[in-house]
Amino acid sequence: VAWLRAGLAACTGNLEEAIERYRRAEEFEATQGAHALLARTRVDLADVLLRRANPGDDADAERLLTQAETEAARMGAGLIEQRARRVRERPQRRQ
């Protein structure tokens, strides 16, 4: 439920709420061992952090994308890996 509500908040531009909800989803999925869901959530959270672009968000997003790609590769979840690469390579990303 947290992941769905985070996505809705992100779509409406409420990035702070989206980040809070994605972090809740990340915590829950980690405790449940839901590795595929966790990787997906980390990509989504990284995407929102890069959109928000506060100090430190780039580094947090990079860490999340690396974690998501590593886990996705381990599971053979190519679509999650591809999405992580797209988020990382997005032109509007600050360097």
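Residues numbered from 1 in each chain as written. Predicted model: local features only at pLDDT ≥ 70, side-chain atom pairs only at ≥ 80, totals over all residues. Heavy atoms only, no water.

A. Spotlight on the overall build of the chain. Looking only at helices and strands, the chain has five helices and zero strands in total. Mapped in sequence order, the helices and strands of the chain form the string α-α-α-α-α. Rg of the C-alpha trace for the chain: 12 Å, near the compact-globule value of 12 Å for 95 residues, within the 12% margin. Projected onto its principal axes, the C-alpha coordinates of the chain cover approximately 30 × 30 × 20 Å. (Helix = DSSP H or I, 4+ residues; strand = E, 2+ residues; numbered from the N terminus. Rg over C-alpha atoms; globule rule 2.2 N^0.38 Å.)

B. Representation of the packing of helix α1 (residues 2–11) against helix α2 (residues 15–32). The geometry of α1 relative to α2 is characterised by a closest axis approach of 8 Å and an angle of 160° between their N-to-C directions. Of the possible angle classes, the one that applies to α1 and α2 is roughly antiparallel. Relative to α2, the crossing made by α1 is left-handed. Judged by residue contacts, A2, W3, R5, A6, G7, A9 and A10 of α1 engage L15, E17, A18, R21, Y22, R24, A25 and E29 from α2. Residue classes in the contact of α1 with α2 are distributed as nine nonpolar, one polar and five charged. (Axes fitted to C-alpha atoms, helices over the stretch in contact; angles between N-to-C directions. Parallel < 35°, antiparallel > 145°, perpendicular 65-115°, else oblique. Left-handed = near helix turned anticlockwise from the far one by under 90°. Contact = heavy atoms within 4.5 Å. Nonpolar A, V, L, I, M, F, W, Y, C, P; charged D, E, K, R; others polar.)

C. A look at the environment of L79. Turning to its location among the elements, L79 is positioned in helix α5 (residues 78–89). Residues L79 and R40 lie 39 residues apart in sequence; the distance between their C-alpha atoms is 9.4 Å.

D. Inspection of helix α4 (residues 57–75) at higher detail. An ideal rise of 1.5 Å per residue puts 27 Å on 19 residues; α4 measures up with 27 Å between its terminal C-alpha atoms. Those residues of α4 lying buried are D57, D58, A61, L64, L65, A68, E69, E71 and A72. Tucked into the core, α4 has its buried residues touching α2, α3 (35–52) and α5. Trailing α4 by a residue or two, G76 shows a phi angle of about 75°, which is positive. (Expected span 1.5 Å × (residues − 1). Buried < 20%, exposed > 50% of the residue type's maximum accessible area, 1.4 Å probe, protein only.)

E. Focus on the environment of C11. Note that C11 resides in helix α1. Taking C-alpha positions, C11 is 9.9 Å from V48, a pair spaced 37 residues apart along the chain.

F. Expanded view of the nonpolar core. Of all hydrophobic cores here, the largest spans 23 residues; its most connected members are V43 and V48. Only α1, α2, α3, α4 and α5 provide two or more residues apiece to this core. Residue contributions to this core peak at seven residues, all from α3. Ignoring sequence-local partners within four residues, the contact set of V43 consists of L65, A68, I80, R83, A84 and V87. (Core = buried A, V, L, I, M, F, W, Y, C linked by side-chain atoms within 4.5 Å.)

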